[in-house]
Amino acid sequence: MELELKRGGRTARITTLGAELVSYRDETGREYIWSGDPAYWPGRNPLLFPIVGGLKDGKIRVKGKEVSMERHGFARRREFTVTGQGEDWAELTLEQDEATLALYPWDFKLTVRQQLTDGGFATSVTVTNTGKEPLPYCVGAHTGFRCPLDEGEAFTDYEIRFPQKETCKTLVPDGEGMDWNRTLPCLEDTDTLPLEYHWFDDLDTLIFHGLKSQSVRLVSRKSGHGVQVDFPGYPILAFWTMPHKQAPYLCIEPWHGASAIAGEGPELADKAFCITLAPGESRTLGYQVTTL
């Protein structure tokens, strides 16, 4: 099922599958969210929960039992229940059931709020521990933005801009995950990274840990159009487009979690940046998109 949000001439569409915002159009009708064309990547804006990235051999131990879980977790493929809606906002909720308990044996409530703002949209994710024991989880965003946005432009006409100069290496993923000691120079005392497909063809994903900035812009050098993403509270920021496809989109991904990292323990709670909630505790993380 899809829901439509409206505010000041701007619209968004939300699907109950994954609580995903799958379209955002500004007052001119310009679409910002990637279409999900399967020739490049069928995703659009999935929620990552209760893991971010992939697991070593696709498996992890939970409460001492080995289970398989697909990349980025199960929430993106689950139907959420609409628990609240206004003209410019919607709230959707997922709770444990027999299928989730087989993979992730904890009681939880996952609430996603999608809200149109004066300049774009905001997504917040609240996780509540509804059980009687500690609840471990990771969470992240994976928003695909059309790039280019306008006719006559190319992907390489765009650049990533930070509000302050950054010196930060990118982690280098491989089939086994990541290693804190396996990095490549990328940002060297600069606030700008021109988009080039070779980054993604060579590395798959640009993954930054230790940025000073808590926001980033994707901007066209030709038109000045683009988006700003504010991501307070997330320790990792990743960028991705399908390698070797020359794909017309870029995903901007704030993560509180990561793929398998060398040396981590076998349990879910051992994963880097895993959050653990006490019984009855809740935590909200969110990000905001402003169009330029």
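Residues numbered from 1 in each chain as written. Predicted model: local features only at pLDDT ≥ 70, side-chain atom pairs only at ≥ 80, totals over all residues. Heavy atoms only, no water.

Asker: It is not clear to me how the pairing of strand β5 (residues 59–62) should be interpreted in this structure. Could you clarify?
Answerer: As a general feature of sheets, a regular strand has side chains that alternate between the two faces. Burial of the side chains of β5 is restricted to one face: I60 and V62 are buried, whereas none of K59 and R61 on the reverse face is. Where β5 and strand β6 (residues 65–68) come together, four bridges link them in antiparallel fashion. Looking at the pairing, K59 lines up with S68 of β6. From the end of β5 to the start of β6, which pair antiparallel, there are two residues, and K63 there has a positive phi angle of about 55 degrees. (Buried < 20%, exposed > 50% of the residue type's maximum accessible area, 1.4 Å probe, protein only. Helix = DSSP H or I, 4+ residues; strand = E, 2+ residues; numbered from the N terminus. Pairing = 2+ DSSP bridges.)

Asker: Would you explain the sheet that holds strand β2 (residues 10–15) in this entry?
Answerer: Backbone-to-backbone hydrogen bonds pair the strands of a sheet. The strands run either parallel or antiparallel. Read from one edge of the open sheet, three strands run β1-β2-β3, paired in antiparallel fashion. The sheet is open, and its two borders are formed by β1 (2–7) and β3 (20–25), each paired with just one other strand. Averaged over all adjacent pairs, the angle separating strand axes in this sheet is 20 degrees, with direction ignored. Inspection of the sheet shows β1 paired to β2 by six bridges, in the antiparallel sense. By the bridge assignment, L5 is partnered in β2 with A12. (Axes fitted to C-alpha atoms, helices over the stretch in contact; angles between N-to-C directions.)

Asker: So what exactly am I meant to see when it comes to the side chain of H142 here?
Answerer: Here H142 is to be found in the loop between β12 (139–141) and β13 (143–146). Among the residues examined, H142 registers a relative accessible area of 5% and is labelled buried. In this structure the side chain of H142 is engaged in a polar contact, spanning 3.5 Å, whose partner is the side chain of E253. Residues within four places of H142 in sequence aside, it is in contact with W41, R44, N45, P46, L48, H72, W240, C251, I252 and E253. (Polar contact = N/O pair within 3.5 Å; in protein donor to acceptor, adjacent residues only side chain to side chain. Contact = heavy atoms within 4.5 Å.)

Asker: Please explain the pattern of salt bridges as it appears in this structure.
Answerer: Overall, the coordinates contain 15 salt bridges when judged by the stated rule. Residue R7 is joined to D88 by a salt bridge in which the shortest nitrogen-to-oxygen separation is 3.1 Å. Taken together, the positions of R7 in strand β1 and D88 in the loop between β7 (81–86) and β8 (89–95) put the pair 81 residues apart, joining distant regions of the chain. The exposure class of D88 is buried, given its relative accessible area of 17%. (Salt bridge = Lys/Arg side-chain N within 4 Å of Asp/Glu carboxyl O.)

Asker: What is the right way to read the layout of surface pockets from this model?
Answerer: Looking at the largest pocket, its volume works out to about 350 Å³. In terms of lining, the largest pocket is formed by 21 residues, of which the most central are K56, K59, A260, E264 and G265. The dominant element in the lining of the largest pocket, judged by the number of residues it contributes, is β5, at three residues. Here the residues of the lining of the largest pocket are counted per class, giving seven nonpolar, three polar and 11 charged. (1 Å grid on protein atoms, 1.4 Å probe; cavity = no way out; pocket = protein on both sides within 12 Å on 5 of 7 lines; lining within 4 Å. Points joined across faces, edges and corners; volume = space filled by probe spheres on them. Nonpolar A, V, L, I, M, F, W, Y, C, P; charged D, E, K, R; others polar.)

Asker: It is not clear to me how the packing of aromatic side chains should be interpreted in this structure. Could you clarify?
Answerer: Think of a pair of aromatic rings as described by two things: how far the centres are apart, and how the planes are tilted against each other in angle. For the coordinates displayed, the defined rule picks out 19 aromatic pairs. Look at Y104 and F108: their rings are 5.8 Å apart centre to centre, the planes differ by 65 degrees, and that puts the pair in the edge-to-face class. Both residues of the pair, Y104 and F108, belong to the buried class. An aromatic cluster is present here, built from F49, F74, Y104, W106, F108 and Y137 joined pairwise through their rings. (Phe/Tyr/Trp six-rings, centres within 6.5 Å; stacked < 30°, edge-to-face > 60°.)

Asker: It is not clear to me how the nonpolar core should be interpreted in this structure. Could you clarify?
Answerer: When a protein is soluble and globular, its nonpolar side chains tend to lie buried together. Counting 72 residues, the largest nonpolar core has L110, F239 and I252 as its most contacted members. When sequence neighbours within four positions are dropped, the list of residues in contact with F239 reads I160, F162, F200, T205, L206, F208, V216, L250, C251 and I252. (Core = buried A, V, L, I, M, F, W, Y, C linked by side-chain atoms within 4.5 Å.)

Asker: It is not clear to me how the state of the cysteines should be interpreted in this structure. Could you clarify?
Answerer: Here, the word disulfide means a covalent bond between the sulfur atoms of two cysteines. Scanning the entire structure with this criterion turns up zero disulfides. No disulfide involves C138; its nearest neighbouring cysteine sulfur is the one of C274, lying 4.4 Å away. According to the relative accessible area criterion, C138 is buried, its value standing at 0%. Residue C168 stays outside any disulfide, its sulfur separated by 8.3 Å from that of C186, the closest cysteine. (Disulfide = S-S within 2.5 Å.)

What is shown is where atoms sit, not what they do.
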